[in-house]
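Residue-level structural notes
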Amino acid sequence: MAGPVISARELSLVFQTADAPVYALSKVNLEVEDGDFVSFIGPSGCGKTTLLRVIADLEQATSGTITVNGMTPQEARLKRAYGYVFQAPALYPWRTVERNVGLPLEIMGLDHAAERIAKNLELVNLKGFEKKYPWQLSGGMQQRVSIARALAFDPKLLLMDEPFGALDEIVRDKLNQQLLELWDRTKKTVVFV
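Rules used in this analysis
- Residues numbered from 1 in each chain as written.
- Predicted model: local features only at pLDDT ≥ 70, side-chain atom pairs only at ≥ 80, totals over all residues.
- Heavy atoms only, no water.
- Helix = DSSP H or I, 4+ residues; strand = E, 2+ residues; numbered from the N terminus.
- Buried < 20%, exposed > 50% of the residue type's maximum accessible area, 1.4 Å probe, protein only.
- Polar contact = N/O pair within 3.5 Å; in protein donor to acceptor, adjacent residues only side chain to side chain.
- Contact = heavy atoms within 4.5 Å.
- Core = buried A, V, L, I, M, F, W, Y, C linked by side-chain atoms within 4.5 Å.

Turning our attention to the side chain of Lys188. Topologically, Lys188 is positioned in the loop between helix 6 (169–186) and strand 7 (189–192). Assessed through its relative accessible area of 12%, Lys188 is described here as buried. A distance of 2.4 Å separates polar atoms of two side chains, one belonging to Lys188 and the other to Asp154. At 2.9 Å, the side chain of Lys188 forms a polar contact with the backbone oxygen of Pro155. If sequence neighbours within four positions are ignored, Lys188 has contacts with Gly35, Asp36, Leu151, Asp154, Pro155, Lys156 and Trp183.

The biggest cluster of nonpolar side chains holds 28 residues, and the ones touching the most others in it are Val101, Leu121, Val145, Ile147, Leu158, Met160 and Phe164. For this core, the secondary structure elements donating two or more residues are helix 3 (97–108), helix 4 (113–123), helix 5 (139–151), strand 6 (157–160), helix 6 and strand 7. Residues in contact with Leu121, not counting those within four places in the same chain, are Val97, Val101, Leu126, Lys127, Glu130 and Ala148. With 27 residues, the next largest nonpolar core counts Val5, Val54, Ile66 and Met71 among its residues.

Below, the structure written as structure tokens:
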């Protein structure tokens, strides 16, 4: 039987500042199993994004242990064991939707890129928008392109850092519903902040 997708034990992260240390994470214990949909909620500044960044190897914990798919966060990042969706879409404006989604496939040299791109654009309800550029899409559509790109290489784990935070409430609610439907169809493990 496989272990948890994410396992953290006594995980802490302290930022040293000029006046006093800032405890961003303090003795976090967490297990996320295969197929789970986990959403971290809490007030601004409580460490949600920091925890996600430690999982993704964008920050290093100062103490404790963490594994991602049975590896260190660094090994998981290097093996591309997860997809990551940032707060802002971070799309290249000179690349079409299909070329933005296909970027990780190009970098990784994966086969059947056109099929993977089409499949993931259909998953996020953007079939027919392949030749559009990011500036031709709404904010919600751009974020769905980011999700399709994060799923393009078929990771077991999808990390999402407030991907709908900058959108209006109606669009945010619709995308939250679409994300739940996507999770139900793909059975990916999702960690959502």
